[in-house]
Amino acid sequence: MPDIIQLLPENIANQIAAGEVIQRPASAVKELLENAVDAGATEIQLFVNDAGKALVQVIDNGKGMSETDARMCFERHATSKIKNIDDLFHIKTMGFRGEALASIAGVAQVEIKTKKAGEITGTCIEIENSIVQSQQPVATQEGTNISMKNLFFNVPARRNFLKSNSSELRHIIDEFIRVAMAFPEIFFSLSSNGQEVFHLEKGSLKQRIIQILGNNYNSKLVSVKEETDYMNIFGFAGKPETAKKTRGDQYFFVNNRFIKSPYLNHAVMNAFAEMIPKDSFPMYTLFIEIDPSRLDINVHPTKQEIKFEDEKIIYAFVQSAVKHALAQFSITPTLDFDLDPFIQNSEAVSQPLTDAKKESISGGNLYKTFTQKNQAHFIEKRSDLTHWESTPFVPEKKLSLSEKYSNREDTFTDIQKHPDNGRALTGSNIQFHQSFIICETATGFLAVHQQNAHERVLYERFLNALKGKPVVTQRSLFPLSFQLSAPDAVMLLELLPDLVQLGYQIEPFGNNSFVIQGSPADVADGNEKNILEKMLEQYKHFNTETHFSSREKLLRSLAWQQSIKAGTVLTQDEINRLLEDLFNCDISNVTPNGKPVFFEFKKEELNKMFGR
Ligand code: ADP
Ligand code: MG
């Protein structure tokens, strides 16, 4: 038998390896922006065409590369950022794995023009499918100008996996924001199909946050700042009144690297507890600075997850820093500084410090910080707290609607069973608790949830409008204008054509502002702006559920937004019309999001219950 193992050709190995680092245009955006930051650039421009599928280009004024380096940078594991394994624990740069450019060159057509300071000519290299096509001297400005064209041109299967342009652009904007937020001292711009979406002048962190998240945070930010030998934290949290119904404006950075951490998010949420409604989310942009040797950032190829040497300390620190900040700005004068049982029991606080430990927290005085009484958030063991039980941290589990409703036990109802459309609704229909409607049917009665019913009715009405018959628009007498944050403006731009069908005549007015020229006849005058803002919030919430098309998300958001809420008194006419509309729907028993609209109570079953 001949031997059968072969080494893969380099370009194929690169294509396979690229899968880890480059999943979509936004991954390339992240890597290229980070390279520009690592190169010490003070101005970084990003251009994308076709949501990055056709082009991702980054121009920086950083230190550039020599001819040899420009050639070398596309080799796998080629990096200027680490030399040996020890360096891995002292990383100050964003990159270090030397994989990004090799991966990008493996799955796209790349052109790089780069020149070091003081050189007369630069180098231009074209490379595709990991194969160098050309290399020549070029006249170019100092810094690096790199273009990635036609991502996955040579891996059609992966190209087919890319989502709609609006979805890919959203990912790009997310990555752009994550880098731009961390480096307010650098100028950043983002242009999409030739239109500038972001233009972020150099400035303070506060200015950067407002540039990105919108002016409405102006004077609504609380500064968070605590310093210890173990770690520092700084940044801003939104005042409680800015908390939103959807998660979104929440950013954690560790040594300037954006990270996803449900654990630390929980710490901030805890600090806000009691100050905001349970189902809302505060804005925050927080930076943790910590000795890199106390972290492992190498646990994930895109480095968005990291491991801390001692998570509990970080948790306690973050929570108390945010609490302290909120208290200092006397947002709630009666803030209770009783100890969080979690912190109290965290090993760092409750266990005596052994010598070995002292050694390990070399020089750290986190302990002192936590026991200094002059700090508002001091932590001290109190005898009356000793009975506190340890409450292990359990991340919130969000049930999907189907999970929520799958194991519901309904004694004598069956929501799967659909009463005949247009069934004879006999007798009168009665609203009760300003939330439900009871209606008598030939075989019993229905208990209808008025908001859920209306959501279903609106959803189908809007769906039909998109399919053909547009909703009638009423021209506004006094056209209203409004401004959005840049990412929201991009989102709304994408939705405008569908919104026209739904009765909203909205025109872009430049600089992320819009004018409402007309709205559906049944939307109360003056309420349009409110409706649109809430709709966008809801839309963003759906955005995380990527399996919906943007149109589906829009429909669901609008239906939810405009539905009559619990607590609204309905006239007899409105009740009757709602029921009529409901039973004219194609599906009337569940909302678009899967909540039941009504339960049916059968006469026989009622009789049985009463022993008849
Ligand atoms: P890493 O960033 O992990 O080192 P990359 O593949 O992203 O790996 O880049 C390889 C090397 O190319 C970098 O270490 C750096 O020396 C050089 N390089 C990449 N982009 C730039 C840039 N925009 N300006 C200057 N040098 C760059
Ligand atoms: Mg890199």
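Computed from a predicted structure; not experimentally measured.

1. A word on the site of ligand 1
Inspection of the region around ligand 1 gives 18 residues, with Asn 35, Thr 79, Ser 80, Lys 81 and Gly 98 positioned closest. One of the backbone N or O atoms of Phe 96 is found 2.9 Å from an oxygen atom in ligand 1. When the free accessible area of ligand 1 is taken as 530 Å², the share hidden by the protein chains comes to 92%. The pocket occupied by ligand 1, as judged from atoms lying within 2 Å of grid points, is the second largest pocket. A breakdown of the residues in the shell around ligand 1 according to their chemical character gives 7 nonpolar, 7 polar and 4 charged.

2. Quick look at the sheet that holds strand S1 (residues 43–49)
Spatially, S5-S4-S3-S6-S2-S1-S7-S8 is the arrangement adopted by the 8 strands of the open sheet, whose pairing is mixed. Since the sheet does not close on itself, it has two edges, and those belong to strand S5 (131–138) and strand S8 (195–200), each with one partner. Looking at each pair of strands side by side, their axes are set apart by 10 degrees on average, direction ignored. Alignment of strand S7 (residues 187–192) against S8, held across 5 bridges, turns out to be antiparallel. Within the sheet, the bridge partner assigned to Phe 188 lies in S8 and is Leu 200. Helix-sheet contacts for helix H6 (residues 165–182) involve S1, S7 and S8, and the interaxial angle to S7 is about 175 degrees.

3. Observations concerning helix H7 (residues 205–213)
Every buried residue belonging to H7 is among Leu 205, Arg 208, Ile 209, Ile 210, Ile 212 and Leu 213, and all of these are buried. With its phi angle positive at about 110 degrees, Gly 214 sits one or two positions after the end of H7.

4. Some words on the sheet that holds strand S19 (residues 473–483)
Read from one edge of the open sheet, 3 strands run S19-S21-S20, paired in antiparallel fashion. The open sheet terminates on both sides in strands that have one partner only, identified here as S19 and strand S20 (505–508). Across the sheet, the mean angle separating the axes of adjacent strands is 20 degrees when strand polarity is ignored. The strands touched by helix H16 (residues 486–501) are S19, S20 and strand S21 (513–520); relative to S20, the strand with the most contacts, the crossing angle is about 145 degrees.

5. Observations concerning the packing of aromatic side chains
Applying the stated criterion across every chain, the model contains 13 aromatic pairs. Between Phe 583 and Phe 598, the aromatic rings sit 5.7 Å apart at their centres with planes inclined by 50 degrees, giving tilted as the arrangement. Remark: Phe 598 occurs in strand S22 (residues 598–602) and Phe 583 occurs in helix H19 (residues 572–583); sequence separation between them is 15 residues. With a relative accessible area of 3%, Phe 598 lands in the buried category. By the ring-pair criterion, three or more aromatic residues cluster together here, those being Phe 234, Tyr 251, Phe 253, Phe 258 and Phe 287. In this structure, Lys 565 is placed above the aromatic ring of Trp 560, and the distance from its NZ or CZ to the ring centre is 5.4 Å.

6. Observations concerning the pattern of salt bridges
For the structure on display, the rule yields 15 salt bridges. Residue Glu 552 is joined to Arg 556 by a salt bridge in which the shortest nitrogen-to-oxygen separation is 2.7 Å. Highlighted residues: Glu 552 and Arg 556, both in helix H18 (residues 550–562), separated by 4 residues, approximately one helical turn.

7. Here we look at the nonpolar core
Residues Leu 33, Ile 44, Leu 46, Phe 74, Phe 176, Phe 188 and Phe 198 are the most contacted members of the largest nonpolar core, which totals 68 residues. At 9 residues, H6 tops the list of elements feeding residues into this core. No fewer than three residues from each of domain 1 (10–203) and domain 2 (208–331) sit in this core. Sequence-distant contacts of Phe 74, defined by excluding residues within four places in its chain, comprise Leu 101, Ala 102, Ala 105, Val 110, Ile 112, Ile 125 and Ile 127. Residues Phe 96, Met 231, Phe 308 and Ile 314 belong to the second largest nonpolar core, which totals 38 residues.

8. Here's the deal with the confidence of the model for the protein chain
Taken residue by residue, the protein chain gives an average pLDDT of 81. The fraction at 70 or more is 83%. Long-range and interchain partners of residues 331–416, a stretch whose pLDDT sits below 50, account for 119 contacts in this model, where long-range means more than four residues apart. Confidence drops under a pLDDT of 50 for residues 418–424, and excluding neighbours within four residues, the segment shows 17 contacts in the predicted structure.

9. As for the side chain of Thr 144
By the secondary structure assignment, Thr 144 is in strand S6 (residues 143–149). Other than its neighbours up to four places away in sequence, Thr 144 contacts Val 58, Ile 59, Asp 60, Gly 64, Ile 112, Lys 113 and Thr 114.

10. Side note on the layout of surface pockets
Estimated volume of the second largest pocket: approximately 750 Å³. In this structure, the second largest pocket is lined by 35 residues; those nearest its centre are Asn 35, Met 65, Cys 73, Ser 80 and Lys 81. For the lining of the second largest pocket, a count of residues per class yields 15 nonpolar, 9 polar and 11 charged.

11. Quick word on the environment of Lys 565
Mapped onto the elements of the fold, Lys 565 is located in the loop between H18 and H19. The class for Lys 565 is partly exposed, based on a relative accessible area of 30%. Not counting residues up to four positions away in its chain, the partners in contact with Lys 565 are Gln 450, Gln 451 and Trp 560. Polar contacts involving the side chain of Lys 565 include one to the main-chain carbonyl oxygen of Trp 560, which spans 3.1 Å.

The rules behind the values
- Residues numbered from 1 in each chain as written.
- Chains lettered and ligands numbered in written order.
- Predicted model: local features only at pLDDT ≥ 70, side-chain atom pairs only at ≥ 80, totals over all residues.
- Heavy atoms only, no water.
- Near = heavy atom within 4 Å.
- Polar contact = N/O pair within 3.5 Å; in protein donor to acceptor, adjacent residues only side chain to side chain.
- Areas by Shrake-Rupley, 256 points an atom, 1.4 Å probe, with all protein chains shown as cover.
- 1 Å grid on protein atoms, 1.4 Å probe; cavity = no way out; pocket = protein on both sides within 12 Å on 5 of 7 lines; lining within 4 Å.
- Sits in = over half its atoms within 2 Å of the grid points.
- Nonpolar A, V, L, I, M, F, W, Y, C, P; charged D, E, K, R; others polar.
- Pairing = 2+ DSSP bridges.
- Helix = DSSP H or I, 4+ residues; strand = E, 2+ residues; numbered from the N terminus.
- Axes fitted to C-alpha atoms, helices over the stretch in contact; angles between N-to-C directions.
- Contact = heavy atoms within 4.5 Å.
- Buried < 20%, exposed > 50% of the residue type's maximum accessible area, 1.4 Å probe, protein only.
- Phe/Tyr/Trp six-rings, centres within 6.5 Å; stacked < 30°, edge-to-face > 60°.
- Lys NZ or Arg CZ within 6 Å of the ring centre and 35° of its normal.
- Salt bridge = Lys/Arg side-chain N within 4 Å of Asp/Glu carboxyl O.
- Core = buried A, V, L, I, M, F, W, Y, C linked by side-chain atoms within 4.5 Å.
- Domains from an automatic or database assignment.
- pLDDT = per-residue confidence, 0-100.
- Points joined across faces, edges and corners; volume = space filled by probe spheres on them.

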